[in-house]
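Survey of secondary and tertiary structure
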Amino acid sequence: MPSSSRRRFLSTTAAMGLASFAGCSQSCSPRRTQYTTDLSLKGGQWPSRYYDATNANYNSGGSGPVGGVQVAWRYTTCGPSNASTTVQDGLAYFERHTLDAQTGESTTTWETDAELTPTVVDGTVYARTPNLEARDATTGEVRWTYEIGNAPSPTAPAVSNGTAYAAGGSLYAVDSETGERRWAFQPPTTLATMPAVSEQTVYVASESRMLYAVDTETGDTRWETGHEQTGGPRIEATVANGLVYFVANSDTGTVRAYEPTDGSIAWEQTTGVSTGACLAVTESTIFLAGRRSDNGIVLALDAANGDPKWLSELTESNALATVSVGRENVYTGSSVGGDEASVYALGRESGELRWEFATRSRDFGDYSEAKITGVAIVDEYVFVTTSGEVYALVEQS
């Protein structure tokens with residue numbers, strides 16, 4: 001296996017007719033398309049798109065590969081996708097596909113499409129189809145369905161303390177055991193981000209960048225705040241360290257920390273980094289990924305006051321669209337590319353580039369696409385999701 005320590009690691013293609021995977025054609029058959037070795041998971045998990053209900057994008061128990069990497073397995077689906085992969089109890093979930101996370105082989109495929117990232121809690125998978133569905137995490141059997149329909153701007157669900165929260169136009173709170181609605185929050189603006197839940201409050205933002213804090217018991221508004229930028233990418237709020245973090249302006253990379261009790265601003269930092277990615281937050285540091293001029297940027301800020309800690313410039317990527325953090329590394333991925341899109345691992349304390357891995361472009365007939373949609377850190381492995389493919393990466397042997 002060739003090295004990926006610094007420059008291009010071109011993932012090898014299995015010796016089979018992969019042209020049939022190039023689009024959503026009648027010959028398409030989702031399956032494992034590359035295999036080198038099994039994983040040996042030790043009970044680690046990444047159960048939600050942004051790791052947990054707070055949208056922290058941070059797994060303190062996952063180290064991920066520290067040096068160079070190689071492919072353990074790759075699973076290929078038919079169509080393009082913006083979803084990422086979740087992992088729990090030895091299974092990996094991507095859209096409507098359930099995989100053996102150790103081997104990459106399919107275990108279950110749902111008949112209903114699920115175009116967003118599933119959330120897995122206590123043996124149940126919660127997914128948007130576009131309704132909100134709860135399924136058995138092993139068999140895929142439907143436990144209940146809450147009818148939402150084709151709501152505008154649907155998001156992946158968040159699950160916390162017995163309630164599933166689904167946004168898309170409105171915010172719905174549904175009993176996670178029975179599927180019965182507890183309340184619906186219907187503001188005058190269209191809600192468009194995955195909810196973040198902490199204590200007795202759920203935080204969700206609208207297409208016009210209004211940020212709402214909603215009581216988890218009643219659905220009443222605790223506070224709301226607007227921002228100078230009223231459009232742009234839909235970026236989730238993150239709750240950590242007793243604060244609510246939000247990208248107030250994606251063009252200027254302005255990050256604000258709000259007090260959760262009343263929405264007052266604790267601090268604000270304008271970074272000059274254009275971003276469209278949800279933040280990643282540890283006990284002491286906020287990580288932001290984006291671009292400045294024509295280069296990809298990862299920036300670390302002090303979580304207590306917003307002061308910059310370090311900045312890493314990735315000249316071979318013109319935009320970064322994801323960021324997640326493990327015990328050792330910060331992982332980020334490019335959003336656009338030609339023949340490939342790369343995922344990068346940076347030292348968490350220094351920002352030093354440790355390795356880079358290039359995924360392949362997908363050909364969908366009328367167009368091709370190369371982008372990283374998510375990086376999940378589980379034990380010493382990372383699960384990298386691209387447009388319609390999942391890679392399980394291991395330390396280079």
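This text goes with the structure placed above it.
Here the structure is a predicted model, which is why all the values come from computation and not from measurement. (Residues numbered from 1 in each chain as written. Predicted model: local features only at pLDDT ≥ 70, side-chain atom pairs only at ≥ 80, totals over all residues. Heavy atoms only, no water.)

Looking now at unusual backbone geometry. The linkage connecting Thr-129 with the following residue, Pro-130, adopts the cis geometry, with an omega of 10 degrees. Tracing the backbone shows Pro-130 in the loop between β8 (124-128) and β9 (132-136). The phi dihedral of Arg-209 falls on the positive side, at around 70 degrees, and the residue is not glycine. Mapped onto the elements of the fold, Arg-209 is located in the loop between β16 (201-205) and β17 (211-215). (Helix = DSSP H or I, 4+ residues; strand = E, 2+ residues; numbered from the N terminus.)

What follows is about the nonpolar core. Judged by nonpolar contacts, the single largest core of 36 residues is most densely connected at Leu-39, Trp-73, Trp-355, Phe-383 and Leu-393. Elements with a contribution of two residues or more to this core: β2 (69-76), β4 (91-94), β29 (340-347), β30 (353-360), β33 (372-378), β34 (381-386) and β35 (389-395). Apart from residues lying up to four places away in sequence, Leu-39 is in contact with Ala-72, Trp-73, Ala-101, Gln-102, Tyr-381, Phe-383, Ala-392 and Val-394. Core analysis: the next-biggest nonpolar cluster, separate from the first, contains 19 residues, Ala-156, Ala-167, Val-204 and Met-210 among them. (Core = buried A, V, L, I, M, F, W, Y, C linked by side-chain atoms within 4.5 Å. Buried < 20%, exposed > 50% of the residue type's maximum accessible area, 1.4 Å probe, protein only. Contact = heavy atoms within 4.5 Å.)

Turning our eyes to something else, we now look at the sheet that holds strand β13 (residues 170-175). Reading across the sheet, the four strands line up as β11-β12-β13-β14 and stay open at both edges, with antiparallel pairing between neighbours. The open sheet terminates on both sides in strands that have one partner only, identified here as β11 (158-160) and β14 (181-185). Neighbouring strand axes in the sheet, compared pairwise and without regard to direction, differ in orientation by 20 degrees on average. By the bridge criterion, four bridges tie β13 to β14 in an arrangement that is antiparallel. Within β14, the residue paired with Ala-173 across the bridge is Trp-183. (Pairing = 2+ DSSP bridges. Axes fitted to C-alpha atoms, helices over the stretch in contact; angles between N-to-C directions.)

Below, the discussion takes up the pattern of salt bridges. Scanning the entire structure with this criterion turns up 14 salt bridges. Of the charged contacts in the structure, one is a salt bridge between Glu-380 and Lys-42, with a shortest N-O distance of 2.8 Å. In this pair, Glu-380 sits in the loop between β33 and β34 while Lys-42 sits in the loop between β1 (31-35) and β2, placing the two residues 338 residues apart along the sequence. One salt bridge connects Glu-283 with Arg-348, and the closest N-O pair in it is separated by 3.9 Å. Within this pair, whereas Glu-283 is found in the loop between β23 (280-281) and β24 (285-292), its partner Arg-348 is found in the loop between β29 and β30, the two being separated by 65 residues in sequence. Owing to a relative accessible area of 52%, Glu-283 belongs among the exposed residues under this scheme. A residue is classified by how much of its surface remains accessible, and Arg-348, at 15% relative accessible area, is buried. A cluster of three or more residues bridged by salt bridges with shared partners is formed by Arg-74, Arg-360 and Glu-389. (Salt bridge = Lys/Arg side-chain N within 4 Å of Asp/Glu carboxyl O.)

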